Amino acid sequence: MVEPARDGRVQKGNETRRLVLARAVRIASVEGLAGLSLGRLATELELSKSGVFALFGSKEELQLATVRAAQRIYRSTVIEPVEQVPPGVAQLWKLAETWLEYSRTRVFAGGCFFYAVGAEFDAQPGRIRDAMAESSLVWHRIVLDLLEAARGVGELRPDSDLEQLAFELLAFLEYANAMSLLHDDDVPYTRARRSILLLLRSEAVDESLLPAA
């Protein structure tokens, strides 16, 4: 049986960890993971630096925990809503709209967390880069799985090049995110939405399954 005092300490530790990671994700999406430090987070959140250090142990562990926290937010915001839609081109369209909305509404203060942090670490070997590379592969696999499912139910042309489709779809999404941030403008989302719609309609067996271009 867990002692009440210990149970209370564990609960408080978990709450503090969630609080720290929420702030860390926000900072990292704008300033990068390099902008994180245990001392900074403790100061900003008015916490004990030793207490924050005890939760993570090192800056690298804090960075990795921040990536994992961002992954959980991303999954609940972008992926889970799409999983509620039956396989097909409508599900692919839902993915595009959900992702563009995720970026446009700044679920992460700096736009897409993974675009920002991926650019920060893509040329820096180490555990952070490995985690970002793995996250990128998982995301690519999710998109491919949705494309394969759409072809499997007969809604994408049998000869569709799914790897090429995934590449183009992701390129439109990421470019919209980058240009919107750089120019503080929503127009890139409108253009990406139209480009993705035209792309999907060109590969769909029945264009009427998608909105009009």
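You'll find the structure just up there.
Residues numbered from 1 in each chain as written. Predicted model: local features only at pLDDT ≥ 70, side-chain atom pairs only at ≥ 80, totals over all residues. Heavy atoms only, no water.

### Some points on the overall build of the protein
When its secondary structure is counted, the protein shows 9 helices and 0 strands. Secondary structure elements of the protein occur, N-terminal to C-terminal, as α-α-α-α-α-α-α-α-α. Dimensions of the protein, computed from the C-alpha atoms along their principal axes, are close to 60 × 45 × 30 Å. When burial is assessed residue by residue, the protein has 40% of its 213 residues classed as buried. Total accessible area on the protein stands at roughly 11600 Å², and carbon and sulfur atoms take up 53% of it. (Helix = DSSP H or I, 4+ residues; strand = E, 2+ residues; numbered from the N terminus. Buried < 20%, exposed > 50% of the residue type's maximum accessible area, 1.4 Å probe, protein only. Areas by Shrake-Rupley, 256 points an atom, 1.4 Å probe, with all protein chains shown as cover.)

### Some details on the packing of helix 5 (residues 89–104) against helix 9 (residues 187–203)
Think of two packed helices as two axes; the pair is described by the angle between the axes and how far apart they sit. It is at 11 Å that the axes of helix 5 and helix 9 come closest, and there the two elements cross at 170°. Viewed along their axes, helix 5 and helix 9 adopt a mutual orientation that is roughly antiparallel. Together, Leu92, Trp93, Ala96, Glu97, Leu100, Ser103 and Arg104 of helix 5 and Tyr189, Ala192, Arg193, Ile196, Leu197 and Leu200 of helix 9 make up the contact between the two elements. Here the contact of helix 5 with helix 9 is composed, by residue class, of 9 nonpolar, 1 polar and 3 charged. (Axes fitted to C-alpha atoms, helices over the stretch in contact; angles between N-to-C directions. Parallel < 35°, antiparallel > 145°, perpendicular 65-115°, else oblique. Contact = heavy atoms within 4.5 Å. Nonpolar A, V, L, I, M, F, W, Y, C, P; charged D, E, K, R; others polar.)

### A few points about the side chain of Asn177
Summarising the element assignment, Asn177 is placed in helix 8 (residues 162–183). One polar contact links Asn177 to Ser103, side chain to side chain, over a distance of 2.7 Å. Ignoring any residue separated from it by four or fewer positions in sequence, one finds Asn177 in contact with Trp99, Ser103, Gly111, Cys112, Tyr115 and Tyr189. (Polar contact = N/O pair within 3.5 Å; in protein donor to acceptor, adjacent residues only side chain to side chain.)

### Topic: the layout of surface pockets
When its volume is computed, the largest pocket comes out at roughly 660 Å³. Considering the residues around the largest pocket, the lining is formed by 26 residues, among which Phe114, Met132, Ser135, Ser136 and Trp139 are closest to the centre. For the lining of the largest pocket, the element with the most residues is helix 7 (residues 127–152), which contributes 11 residues. (1 Å grid on protein atoms, 1.4 Å probe; cavity = no way out; pocket = protein on both sides within 12 Å on 5 of 7 lines; lining within 4 Å. Points joined across faces, edges and corners; volume = space filled by probe spheres on them.)

### A few points about the pattern of salt bridges
Tallied over the entire structure, the rule returns 14 salt bridges. Note that Arg40 is salt-bridged to Glu44, the shortest N-O span being 2.8 Å. Here the residue Arg40 and the residue Glu44 both occupy positions in helix 2 (residues 38–44), the gap between them amounting to 4 residues, near one helical turn. Arg40 sits in the partly exposed class, given a relative accessible area of 26%. Between Arg141 and Glu148 there is a salt bridge, with the nearest N and O atoms lying 3.0 Å from each other. Residues participating in the shared-partner salt-bridge network are Arg23, Glu31, Arg40 and Glu44. (Salt bridge = Lys/Arg side-chain N within 4 Å of Asp/Glu carboxyl O.)

### Quick notes on the packing of aromatic side chains
Enumeration over the complete set of coordinates arrives at 7 aromatic pairs. Measuring from ring centre to ring centre gives 5.9 Å for Tyr102 and Phe108, while their planes differ by 90°; the resulting arrangement is edge-to-face. Summarising the burial analysis for this pair, Tyr102 and Phe108 share the class buried. These aromatic residues form a ring-pair network of at least three members: Tyr74, Trp99, Tyr102, Phe108, Phe113, Phe114 and Trp139. (Phe/Tyr/Trp six-rings, centres within 6.5 Å; stacked < 30°, edge-to-face > 60°.)

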